[in-house]
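Structural overview
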Amino acid sequence: MAVDKSKNTQILVTFPNEMLEEIKKYWHENQLDNRNEAIRQLVASGLKKEQSE
């Protein structure tokens, strides 16, 4: 799938192995399409929580 560069930016992020396992668990438990979607949801959730504090 092509990335619409006018709306999205690709970045390279390195995660510790333990965190990647947690992301993988979240991805499968929530039956998401892919790992990227899991990461987007987790980041959005964290940002929302920070804004509400």
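Here we summarise the structure given alongside this text.

Rules of the game
Residues numbered from 1 in each chain as written. Predicted model: local features only at pLDDT ≥ 70, side-chain atom pairs only at ≥ 80, totals over all residues. Heavy atoms only, no water. Helix = DSSP H or I, 4+ residues; strand = E, 2+ residues; numbered from the N terminus. Expected span 1.5 Å × (residues − 1). Polar contact = N/O pair within 3.5 Å; in protein donor to acceptor, adjacent residues only side chain to side chain. Buried < 20%, exposed > 50% of the residue type's maximum accessible area, 1.4 Å probe, protein only. Salt bridge = Lys/Arg side-chain N within 4 Å of Asp/Glu carboxyl O.

**Describing helix α2 (residues 35-52)**
- Here α2 contains 18 residues, and its C-alpha end-to-end distance of 26 Å stays within 8% of the 26 Å for a straight helix at 1.5 Å per residue.
- Its side-chain oxygen 3.2 Å from the backbone nitrogen of Asn36, Asn34 forms the N-cap of α2.

**Some points on unusual backbone geometry**
- Phi is positive for Gln31, which is not a glycine, with a value near 50°.
- With respect to the helices and strands, the residue Gln31 is situated in the loop between α1 (17-29) and α2.
- Residue classification places Gln31 among the exposed residues on the basis of a relative accessible area of 72%.

**Observations regarding α1**
- With 13 residues, α1 extends 18 Å from end C-alpha to end C-alpha; this agrees with the ideal 18 Å at 1.5 Å per step.
- In the stretch just after α1, Gln31 is the one whose phi turns positive, near 50°.

**A few points about the pattern of salt bridges**
- In this structure the tally under the stated criterion is 2 salt bridges.
- Measuring nitrogen to oxygen at the nearest pair gives 4.0 Å for the salt bridge that ties Lys25 to Glu29. With a gap of 4 residues between them, Lys25 and Glu29 both fall in helix α1, about one helical turn apart. The pair formed by Lys25 and Glu29 is uniform in burial state, with each residue classed as exposed.
- One salt bridge connects Arg40 with Glu37, and the closest N-O pair in it is separated by 3.2 Å. With Arg40 and Glu37 both in helix α2, this residue pair falls 3 residues apart, about one helical turn.

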